[in-house]
Amino acid sequence: MPFSGHGIVASLTMEDDLGITYLVENAQQFWSELEDMLHFSQNDIPTLSLLDSTLRRFLALCAAYHEQYLQSPLQLEHACELLMDSELFLFHSERMCEILVDDLQSQTDPHAQLIFYHVLLCYGRRKADFFRSQKRWQPLLPLIMDHILVEIDPDVEDTYFGVTGGSNNAGMTHVPVPIEAKLRGLGVRLLYEVCRVQKLSVQDLRIFDNAFIEYLFDLVEQTRHMHDERFNYSVIKLVVSLNEQFMVASLGNEMEQTAPGSESKNRVLNVLMHRLGSSKTFGENMIFMLNRAGRTPEDLCMQLLILKILYVLFTTKGTSEYFYTNDLCVLVDVFLREIVDLDEDSESLRHTYLRVLHPLLTKTQLRDIPYKRPQIVYALESLVANARVRDVNPTTKRLVERCLNGDWCVNLLKAKGEASDKQTISEPDAAMRSPTSAFTTTLPAANQLHRTNSKTLKSSRSAENLRARADPLRHPRSPLDNLLRASANNASAVSLSGVAHAAPSTPRHPPPQRRGTANSVQMDGHYSSRHPPVPPVDAGFHQHHHQLIPPTKPLHNVQEPTLHPPPRRSAPPPPPPKRRKPPAIPTQVTNGGATITAIKSSAGVPRIKVAQP
């Protein structure tokens, strides 16, 4: 028996076709036997029969002890790598593959089949053309499908590293995974690799009937709660690869599909349409896989396959709303990231994203839900921007224009245009409500700089600066000011008594004066000549220019302006003259006996008299 009660592996014996018996007691001895078996001495030239027998002995030893020493996938992969690096596959790979395929068709031992399939999978990953040989894989496809169709309890298959049972329970004995579960997982991976690279005809695809595809969808739902999610993802990848095979095979029969009432030749799509409500895990995990995809060649191929089935689902009338709205929003986030982040080497994958983006936004629920539409427009426009300094792929430009010409984008740009027009119309209204602010925004930059920096820039009384200073900020004048300015311009004699009778009882504020330096003067004459006064209140107010006529209406009813000009700042008084401090009075007699006389320092300095109040 391979396991004892305490988990200690008992020794087993194995006899090969040549009658050699192997007794392996530990893992070190097992790996030593594998390495010695693949090593040929330099003096002996291996014959074809010796090569064939060596391959079979190696496979038989691995099949006999794989449950003891090849439990984890890493251990099994390491054993296959030893075989790939040996002389058997370095110089005789074609012959070794033919032996494997021939023995698989007659082999009935599931343990030996497991090792055979692992060797073929390992060799196919090293040499991609190996999976493209339809002649070699055609007889193996029915055998692989039989292993996939085996019914297994999901609780037994939910394992880590080839053993079942809770790893947290130390006292619990680990039970090996059934060989049928291992063969089923391996068969799904092999079938995916074959469907991913080969181009199967309609005749070849007949083996994948509706019952088999229905079972694959059921398998996705049954294994959704497994801790090890790799098998669930492998089944999904197999489904999307089969979808691509049906899509490519149906390209030559487009005329038959376009006939009214004809059913699609894509069996994957037909099966999914009949079970939309019971295959939600398939759509959710498919989006999850697309979101977690990396930049490896295998992940890039997987993204392409998923995008193709998404395009079919979005463009088909019965499946366009298969996904939940939240899942569609996640898809938009993934598309925004991948469209921008993909490098130039993945341009074809970017084109596929753009092809799927258009039906995603126009055929699904997102046509009525504006999710991140401004970000989508920005990302699309960035793909074709700066065409004068860089080369833009014509296909990329065409696909971007198709997306931007969608109804969602046209309506978005139209709404933006209407909003900008409303903002432009509201700006003059704001200027009418606030003339001061409107003038400030329309003032030339030089004048604004002069106004804002009036404390630091020095004013000038030249004619150019006087003309450059805009005057719309002057305060409205009262009728009395207009009267005084009109009489001053006509050089008429104005009596103080007439002015007193015409003036209102309320105190009048002085007219605004120009602020400048301390030496600046008021330019009333220039100001009144360049700017005519405000029209009078009464029509008969200025009938005679050489005589002051009292107003027909009292000026007390005229409203005074509420805006008061700031008072004029007078020049500071000159500073008083500085008085020199008298020197200190020295001593009268020095140490040497000389007499020193004090100097009257204040005799020649004038004294400042302060006026008494």
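The structure contained in this document is the topic of the report that follows.

Thresholds, definitions, all that
Residues numbered from 1 in each chain as written. Predicted model: local features only at pLDDT ≥ 70, side-chain atom pairs only at ≥ 80, totals over all residues. Heavy atoms only, no water. Helix = DSSP H or I, 4+ residues; strand = E, 2+ residues; numbered from the N terminus. Buried < 20%, exposed > 50% of the residue type's maximum accessible area, 1.4 Å probe, protein only. Contact = heavy atoms within 4.5 Å. Areas by Shrake-Rupley, 256 points an atom, 1.4 Å probe, with all protein chains shown as cover. Phe/Tyr/Trp six-rings, centres within 6.5 Å; stacked < 30°, edge-to-face > 60°. Lys NZ or Arg CZ within 6 Å of the ring centre and 35° of its normal. Core = buried A, V, L, I, M, F, W, Y, C linked by side-chain atoms within 4.5 Å. Expected span 1.5 Å × (residues − 1). Axes fitted to C-alpha atoms, helices over the stretch in contact; angles between N-to-C directions. Parallel < 35°, antiparallel > 145°, perpendicular 65-115°, else oblique. Left-handed = near helix turned anticlockwise from the far one by under 90°. Nonpolar A, V, L, I, M, F, W, Y, C, P; charged D, E, K, R; others polar.

## Remarks on the overall build of the protein chain
Looking only at helices and strands, the protein chain features 27 helices and four strands. Counting across all 613 residues of the protein chain, residues that qualify as buried make up 36%. Counted over contacts in the protein chain with a minimum sequence separation of 6, partners at least 24 positions apart contribute 70%. For the protein chain, the accessible surface area stands at approximately 37400 Å², while carbon and sulfur atoms represent 54% of it.

## Observations regarding the packing of aromatic side chains
By the definition in use, this model includes 15 aromatic pairs. Each ring, one from F30 and one from Y69, has its centre 5.2 Å from the other, and the planes form 25 degrees; the classification is stacked. Of this pair, F30 sits in helix α1 (residues 27–37) while Y69 sits in helix α2 (residues 48–69), and the two are 39 residues apart along the sequence. Residue F30 shares its accessibility class with Y69, and that shared class is buried. Here Y123 and F130 contribute two aromatic rings whose centre-to-centre distance is 5.1 Å and whose plane-to-plane angle is 80 degrees, an arrangement assigned as edge-to-face. F130 carries the same exposure label as Y123, and that label is buried. Grouping aromatic residues by their ring pairs yields a cluster made of F89, Y123, F130, F131 and W137. The ring of Y324 carries the charged tip of K280 above its face, separated from the ring centre by 4.7 Å.

## Describing the nonpolar core
Core analysis: the largest hydrophobic core is formed by 131 residues, its most contacted members being F89, L191, F208, F282, L310 and F335. If near-sequence neighbours (up to four positions away) are discounted, L191 is found in contact with L141, I144, M145, I148, F208, F212 and L238.

## Some details on helix α3 (residues 73–84)
Look at α3: 16 Å from first C-alpha to last across 12 residues, which is about the 16 Å you get at 1.5 Å a residue. Listed as buried for α3 are L76, A79, C80, L82, L83 and M84.

## Here's the deal with unusual backbone geometry
Positive phi, normally seen in glycine, also occurs at K372, with a value near 55 degrees. Within the secondary structure layout, K372 lies in the loop between α18 (347–362) and α19 (373–384). For K372, a relative accessible area of 31% corresponds to the partly exposed category.

## Quick look at the side chain of D103
Along the chain, D103 turns up in helix α5 (residues 93–106). In this structure, D103 is in contact with R56 and F116, ignoring residues within four places of it in sequence.

## Some remarks on the packing of α2 against helix α6 (residues 110–126)
Pairs of packed helices are described in terms of their axes, by the angle between the two and the distance that separates them. Look at α2 against α6: their axes get within 8 Å of each other, and the N-to-C directions meet at 115 degrees. When the axes of α2 and α6 are compared, the pair comes out roughly perpendicular. Here α2 runs over α6; the crossing is right-handed. Residue-level inspection shows L59, C62, A63, H66 and E67 of α2 in contact with α6, the latter providing H111, A112, L114, I115, F116 and V119. When the residues that make up the contact of α2 with α6 are grouped by side-chain class, the tally is eight nonpolar, two polar and one charged.

## Brief notes about helix α16 (residues 297–315)
Across its 19 residues, α16 extends 27 Å between first and last C-alpha, which sits within 8% of the 27 Å expected from 1.5 Å per residue. Residues C301, M302, Q303, L305, I306, L307, I309, L310, V312, L313 and F314 constitute the buried set of α16. In this structure, the buried residues of α16 make contact with α10 (179–197), α12 (230–249), α14 (267–273), α15 (280–292), α17 (325–341) and α18.

## Side note on the environment of A385
Here A385 lies in the loop between α19 and α20 (394–404). Sequence-wise, A385 and K397 are 12 residues apart; in three dimensions their C-alpha atoms are separated by 9.8 Å.

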